[in-house]
2 protein chains.
Amino acid sequence: MFRNARTTLTAAAALCAASGAAMADEALRADALEWFEPIPMNPPALENNVVTDARVELGKQLFFDPRLSRSGVFSCNSCHNVGMGGVDALETSIGHGWQKGPRNSPTVYNAVFNIAQFWDGRAEDLAEQAKGPVQAGVEMASTPERVVTTLESMDGYVEGFAQAFPAEEEPISFENMARAIEAFEATLITPNSRFDQFLQGDDGALDEQEKRGLAAFMATGCASCHAGVNLGGQAYYPFGVVEKPGASVLPVGDRGRFQVTETAGDDYVFRAAPLRNIAITAPYFHSGTVWELEEAVAIMGVSQLGAELNEQQIADITAFLETLTGQIPDIEYPILPDRSAETPLPDEM
Amino acid sequence: MFRNARTTLTAAAALCAASGAAMADEALRADALEWFEPIPMNPPALENNVVTDARVELGKQLFFDPRLSRSGVFSCNSCHNVGMGGVDALETSIGHGWQKGPRNSPTVYNAVFNIAQFWDGRAEDLAEQAKGPVQAGVEMASTPERVVTTLESMDGYVEGFAQAFPAEEEPISFENMARAIEAFEATLITPNSRFDQFLQGDDGALDEQEKRGLAAFMATGCASCHAGVNLGGQAYYPFGVVEKPGASVLPVGDRGRFQVTETAGDDYVFRAAPLRNIAITAPYFHSGTVWELEEAVAIMGVSQLGAELNEQQIADITAFLETLTGQIPDIEYPILPDRSAETPLPDEM
C-alpha cells in the first residue's frame, strides 16, 4: 500500500513537473511568436515576378552557369553554394583574376525573406541583386551586353526564355535573366528547422539548453534586431551600437550603408544578418573574419548589447542558433544549354 | 484500274527502296559493330574498387566539395562540370591563384571506359587520376595531409567514410578519397545516344547524313584510333601522324606522353581523345585552341590521315559526331558536411 501510495505520489509529482514544463514551453513559445515566425513550407509569392516552373527551371540553369562570368569560371553557385548552406565558406569571395571581394558572401537560402539584399541593402530585391555580381569587376566581371549575347547564342536559352517569359516580344534580356534567377532563388527556402517545429507546437523539438538559449536571445536583446521570419535581414543598425569591435572585424574602410545613402547616420550601418542556418554558414560578419559561432555571439554581446554575455549564456544562445538549420531543398543539377559558334569565348584577362 | 496499278507499282518500288535502305543500314551497322560498342545502361564494375551506394554518395560529396582545394574555391566539378558535358568549356582550366593549366580539361563522362586517364595516360585509373588535380599547384594546390585533416575534421565525412569503407580501421585516407571519387565517377556514363540506338538496331535513329558520316568516319580511317565504347581513349598516337598541326594547336612545349615515358617514340604522343559527347565538350585538343567541331575534324584529316577531307565529308562526319551525345544522368546536388573548429581555413595564397 505504502509503496503504491508513494508510486502514485511520485507519478503525480512527475505529472505536475511535466505540466509545469509544458506551461513553461507554452509561455516561451508565446514570447517567441511575438518576435519570430516559422519559414513557410512553400516559397512566397514575389512582387513584380511570377514564379512559374519554366521561370524557376531557367533561373536554375542561369544560377549554375559559369558562362555568365567573363572568365567562364564563376557562376552564382560559386559564392552561394547550395550544397554548403548557400555560401562559399570564404572570408570574402574570390572573383575574377583572383581578386578578393570586400564583403563576406551572404547565404542565398531564405534571402527572399530579407527586406533588401546585400549587407548594405542596396538592392531592393533578388532580381536587382542578381545583376550586381555579374557585372562587378572583382566578381564575375561581365557586362549586360556580353550576357545577352551569350544567352542569345544558345538555342537552349532561346527556348528557355521564350517559355519563361511567354508574353514578351524579346524574352532574352539582362532584366529577365535577373528575374529568372530571382524566381529560382525564391524556391531556396529551408523550412522545418527544429526551432520552427518548436514554434509550431512541438515542445520536444528543442532541448533544455536550446530553450534557455532562445529565452536568453530574447531577454538580452538579440531579438530586437534579429527578428521576423529570418531572425534578421529586416532592418539596418550600426555595427557597434554600443562599442565598435576591432578593425579586424569591422575594417575602417568599409562604411556600410553610408556608401549607399551618404548619410552620416548610416556610417558603419549594416543590415542585421539573417540568422537562419547560421551554424552552417561560417565565417561571420560582413568582414568574414570570425569562424566560430560562439565568438560571434560574444562579439555581438559587447558591441551591440553592451553586455558581456557570460559563458553559459553564450553556450545557450549558440545552442539555440544551431536549431535554426532548416531543411535544404532537393536540387537536381541542371543540364546547361550547349554553346554555339556565336557564343563569346571565355576571357580570363 | 490504271491508277490502281500504278499505285501498286509505286508502293512496290517504295517497298523495294525501303528494303534496300534497310539492307544498307544493316551492312553499315555490321561494319560499325566491328569498331564500336554501345555504352551499357549501367555503370561497369571496377578493378580494385567496390561501387556501393555509400561509396558513390561519399564520392559525390567529395567531387563537389571545394574544400578539397587549398583556396576553398575549386572542386572537381569546377573543371569537370556535370552540367556542361563534364568539362569547363575553357581553353585550359583556371586554377589556384588564377594560374592557367597546361592542357584542356577532359570530360569526366564515360572516363571510366578509357584505358588510362589524362591526355598522356599517366594515371592508370580514375582513383589515381583523382589524386592529381587535388595536389597540382596550378589546380587545387592542396596536399594529402591537408585533405585528410580537412576530412577528419567534419563529422559528416567521418560517418561517410565509415559507411563507404566499413571493413577498414582507418576509413579516412587520401587513397580512399580517391576511391570514393572513382566510384562516383564510374556512375557518370551517358548511354542511349542516337548512335547507340542505331548500333542496337534502330535504323531511324540516324538520318542519311549522319549515316554517311559514320561510313566516312570508318572509311577514311578515323575509326582506326577512335574505336571502342568511347570512340577513342583506348591507345596512344602521335599528334600529327602525317603532318604536325601548327604551334597554336600543338604547342612545342608540351611533348605529351614523352613527359611520362621519356621515350623518343612518345614525343608529342597523346591518348586518342574519346569522342563521346564531343559536340558538347568544346574546345578541342589537349591545347583547347579549337572551338568548332568542323575545324577539329578538318585538322584531324590533315594531321592524322594525311587526307584533306572535302567539305561534304567534314559536314557528314561532324553530323555523325553530334549523334554521340548521350543521356546525362540525373545528379542531385549533394549536401556537404558541416565544417568544425578543426577544419583548416581556406588559404588563397
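Here goes a summary of the coordinates provided. Just so it is clear, the structure is predicted and the values come from calculations on it, not from any experiment.

Observations concerning the interface of chain B and chain A
Across the boundary between the two partners, chain B contributes 40 residues, which contact 40 residues of chain A. Around 3,200 Å² of area is buried between chain B and chain A when both sides are counted, 67% of it from carbon and sulfur atoms. In terms of surface lost to chain A, no three residues of chain B exceed Trp98, Trp291 and Tyr333 of chain B, which account for 24% of the buried area on that side. Joining chain B to chain A, the criterion identifies four salt bridges. Residue Arg339 of chain A is joined to Glu292 of chain B by a salt bridge in which the shortest nitrogen-to-oxygen separation is 3.4 Å.

Re helix α9 (residues 208-219) of chain B
Residues and elements named next belong to chain B. An ideal rise of 1.5 Å per residue puts 16 Å on twelve residues; α9 measures up with 16 Å between its terminal C-alpha atoms. Restricting attention to buried positions, one finds in α9 the residues Glu210, Lys211, Gly213, Leu214, Ala216, Phe217 and Met218. For α9, the N-terminal cap is Asp207; the gap from its side-chain oxygen to the backbone nitrogen of Gln209 is 3.1 Å. One or two steps after α9, the chain reaches Gly221, where phi turns positive at roughly 110 degrees.

Describing the environment of Glu295 of chain B
All names here are of chain B. The residue Glu295 is located in helix α12 (residues 293-305) in this model. The class for Glu295 is partly exposed, based on a relative accessible area of 42%. Each C-alpha atom of the pair Glu295 and Ile314 lies 8.5 Å from the other, and the pair is 19 residues apart in sequence.

So, the relation of the copies chain B and chain A
Here chain B sits on chain A after a turn of 180 degrees about the axis and a move of 0.0 Å along it, with an RMSD of 0.0 Å. This pairing of chains is accounted for by a two-fold axis. Considering only C-alpha atoms, the part of chain B nearest the rotation axis is Glu332 of chain B, at 2.2 Å. Take the interface residues of chain B: 100% of them recur as interface residues in chain A, which is what a same-surface contact looks like.

Quick notes on the packing of helix α2 (residues 53-64) of chain A against helix α6 (residues 155-164) of chain A
All names here are of chain A. Between α2 and α6, the least distance of the axes is 8 Å, while the angle of their chain directions is 145 degrees. Pair α2 / α6 crosses with left-handed handedness. Contacts between α2 and α6 involve Ala54, Arg55, Leu58, Gln61 and Leu62 from the former and Tyr157, Gly160, Phe161, Gln163 and Ala164 from the latter. Its residues assigned to classes, the contact of α2 with α6 shows six nonpolar, three polar and one charged.

Points about the environment of Ala22 of chain A
All names here are of chain A. With respect to the helices, strands and loops of the structure, Ala22 is situated in helix α1 (residues 2-35). On the basis of relative accessibility, which here comes to 33%, the residue Ala22 falls in the partly exposed class. It is 46 Å that separates the C-alpha atoms of Ala22 and Pro251, two residues lying 229 residues apart in sequence.

Things to note about the nonpolar core
In terms of nonpolar packing, the biggest core is built from 84 residues, with Leu62 and Met177 of chain A together with Leu62 and Met177 of chain B touching the most fellow members. With sequence-adjacent residues up to four places away left out, Met177 of chain B is seen in contact with Leu62, Leu68, Ala130, Val134, Val147, Leu151 and Phe161 of chain B.

With respect to unusual backbone geometry
With an omega of 0 degrees, the peptide bond between Ala282 of chain A and Pro283 of chain A qualifies as cis. Examined against the element boundaries, Pro283 of chain A turns out to sit in the loop between β4 (269-271) and α12 (293-305). Look at Phe118 of chain B: it is not a glycine, yet its phi comes out positive at around 75 degrees. When you line up the elements, Phe118 of chain B lands in the loop between β2 (99-100) and α4 (126-135). Look at Phe118 of chain B and you get buried, because its relative accessible area is 16%. A positive phi is found at Glu262 of chain B, a non-glycine position, where the angle reads about 50 degrees.

Focus: the packing of aromatic side chains
This model, assessed by the stated rule, comprises 25 aromatic pairs over all chains. Relative to Phe74 of chain B, the ring of Trp98 of chain A has its centre 5.8 Å away and its plane inclined at 15 degrees; by these criteria the two rings are stacked. Of this pair, Trp98 of chain A sits in the loop between β1 (94-95) and β2 (99-100) while Phe74 of chain B sits in the loop between α2 (53-64) and α3 (76-79), placing the two residues on different chains. Classification of Phe74 of chain B as buried rests on a relative accessible area of 4%.

Rules of the game
Residues numbered from 1 in each chain as written. Chains lettered and ligands numbered in written order. Predicted model: local features only at pLDDT ≥ 70, side-chain atom pairs only at ≥ 80, totals over all residues. Heavy atoms only, no water. Contact = heavy atoms within 4.5 Å. Buried area = accessible area lost by both parts, 1.4 Å probe. Salt bridge = Lys/Arg side-chain N within 4 Å of Asp/Glu carboxyl O. Helix = DSSP H or I, 4+ residues; strand = E, 2+ residues; numbered from the N terminus. Expected span 1.5 Å × (residues − 1). Buried < 20%, exposed > 50% of the residue type's maximum accessible area, 1.4 Å probe, protein only. Polar contact = N/O pair within 3.5 Å; in protein donor to acceptor, adjacent residues only side chain to side chain. Least-squares fit on C-alpha atoms with pLDDT ≥ 70 in both. Axes fitted to C-alpha atoms, helices over the stretch in contact; angles between N-to-C directions. Left-handed = near helix turned anticlockwise from the far one by under 90°. Nonpolar A, V, L, I, M, F, W, Y, C, P; charged D, E, K, R; others polar. Core = buried A, V, L, I, M, F, W, Y, C linked by side-chain atoms within 4.5 Å. Phe/Tyr/Trp six-rings, centres within 6.5 Å; stacked < 30°, edge-to-face > 60°.

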